[in-house]
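These are the residues of each chain, in order.
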Amino acid sequence: MAFSLDPTNGYTVTVANSGTAVAGPAIPDNAHTIIIYNSHASNDLFLRWQTANTAITSANGTTIPAQTALTLSIGCRSQRPQGDTGGVANALWYDASGNGTAAFVTTVNGIVT
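Residues numbered from 1 in each chain as written. Predicted model: local features only at pLDDT ≥ 70, side-chain atom pairs only at ≥ 80, totals over all residues. Heavy atoms only, no water.

**Structural notes on the overall build of the chain**
And step 1. Helix and strand counts for the chain stand at 0 helices and 8 strands.
And step 2. Each helix and strand of the chain, ordered N terminal to C terminal, gives the series β-β-β-β-β-β-β-β.
And step 3. In the chain, buried positions account for 35% of the 113 residues.
And step 4. Considering only contacts in the chain between residues 6 or more positions apart, those separated by 24 or more positions represent 81%.
And step 5. About 5,600 Å² of surface is accessible on the chain, with carbon and sulfur atoms providing 55% of the total. (Helix = DSSP H or I, 4+ residues; strand = E, 2+ residues; numbered from the N terminus. Buried < 20%, exposed > 50% of the residue type's maximum accessible area, 1.4 Å probe, protein only. Contact = heavy atoms within 4.5 Å. Areas by Shrake-Rupley, 256 points an atom, 1.4 Å probe, with all protein chains shown as cover.)

Following this line, the structure appears as structure tokens:
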């Protein structure tokens, strides 16, 4: 993705069907931090860098418990996992322990001059 001129960007990723991972939107090249909030009252949210919609669980991904957040320092683009992730380059994949779990995602971006 290109650089973002905004200091932050926000989007929502909804896992409609547990066990089928969903790719989030491309992350801006100048993003250095991602904040992910699991808004669901009881479902856990799982995430990881991967290349297909393979199920993500607590055994193979990062768990964000219900109604908590994770701040993930991702560094510059050249330090992130690269490659094609289901046609969405440079993206995280999300899954959940139950259907209809939403992740509210905020990227914190470096200044572009």
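Picking up where we left off.
**Thoughts on the nonpolar core**
And step 1. The biggest cluster of nonpolar side chains holds 16 residues, and the ones touching the most others in it are Ile34, Ile36, Leu45, Tyr94 and Val105.
And step 2. When contributions to this core are tallied by element, the ones reaching two or more residues are strand 1 (8-15), strand 3 (31-38), strand 4 (45-48), strand 7 (93-96) and strand 8 (101-109).
And step 3. Among all residues touching Val105, those that are not within four sequence positions of it are Asn9, Gly10, Tyr11, Val13, Ile34, Ile35, Ile36 and Tyr94. (Core = buried A, V, L, I, M, F, W, Y, C linked by side-chain atoms within 4.5 Å.)

**So, the side chain of Gln50**
And step 1. Note on placement: Gln50 falls in the loop between strand 4 and strand 5 (62-64).
And step 2. Of the polar contacts made by the side chain of Gln50, one reaches the backbone oxygen of Thr54; its length is 2.8 Å. (Polar contact = N/O pair within 3.5 Å; in protein donor to acceptor, adjacent residues only side chain to side chain.)

**Let's talk about the sheet that holds strand 2 (residues 22-23)**
And step 1. The strand order across the open sheet formed by 4 strands is 2-7-4-5, and the pairing between neighbours is antiparallel. What marks the edges here is a single partner per strand, and that holds for strand 2 and strand 5.
And step 2. Of the strand pairs in this sheet, strand 4 and strand 5 are connected by 3 bridges, and their pairing is antiparallel. Paired with Leu45 across the bridge in strand 5 is Ile64. (Pairing = 2+ DSSP bridges.)

**Details of unusual backbone geometry**
For residues besides glycine, phi is generally negative; the peptide bonds are generally trans as well.
And step 1. One non-glycine residue, Gln67, adopts positive backbone phi at about 55°.
And step 2. One can find Gln67 in the loop between strand 5 and strand 6 (69-73).
And step 3. Take Gln67: its relative accessible area is 49%, and that puts it in the partly exposed class.

**Digging into the environment of Thr68**
And step 1. Tracing the backbone shows Thr68 in the loop between strand 5 and strand 6.
And step 2. Through-space distance from the C-alpha of Thr68 to that of Ala41 is 9.7 Å; in sequence the pair is 27 residues apart.
And step 3. Those residues in contact with Thr68, other than ones at most four positions away along the chain, are Ile36, Tyr37 and Asn38.

**Section: the environment of Ser18**
And step 1. Its location among the elements puts Ser18 in the loop between strand 1 and strand 2.
And step 2. With 77 residues separating them along the chain, Ser18 and Asp95 place their C-alpha atoms 6.2 Å apart.
And step 3. In this structure Ser18 touches Asp95, Ala96, Ser97, Gly98 and Asn99, once residues within four positions along its chain are discounted.
And step 4. In terms of polar contacts, Ser18 uses its side chain to reach the backbone carbonyl oxygen of Ala96, at 2.6 Å.

**Examining the confidence of the model for the chain**
And step 1. Averaged over all residues, the pLDDT of the chain is 88; the fraction at 70 or higher stands at 89%.
And step 2. Within the chain, strand 5 carries the highest mean pLDDT (97), whereas strand 2 carries the lowest (92). (pLDDT = per-residue confidence, 0-100.)

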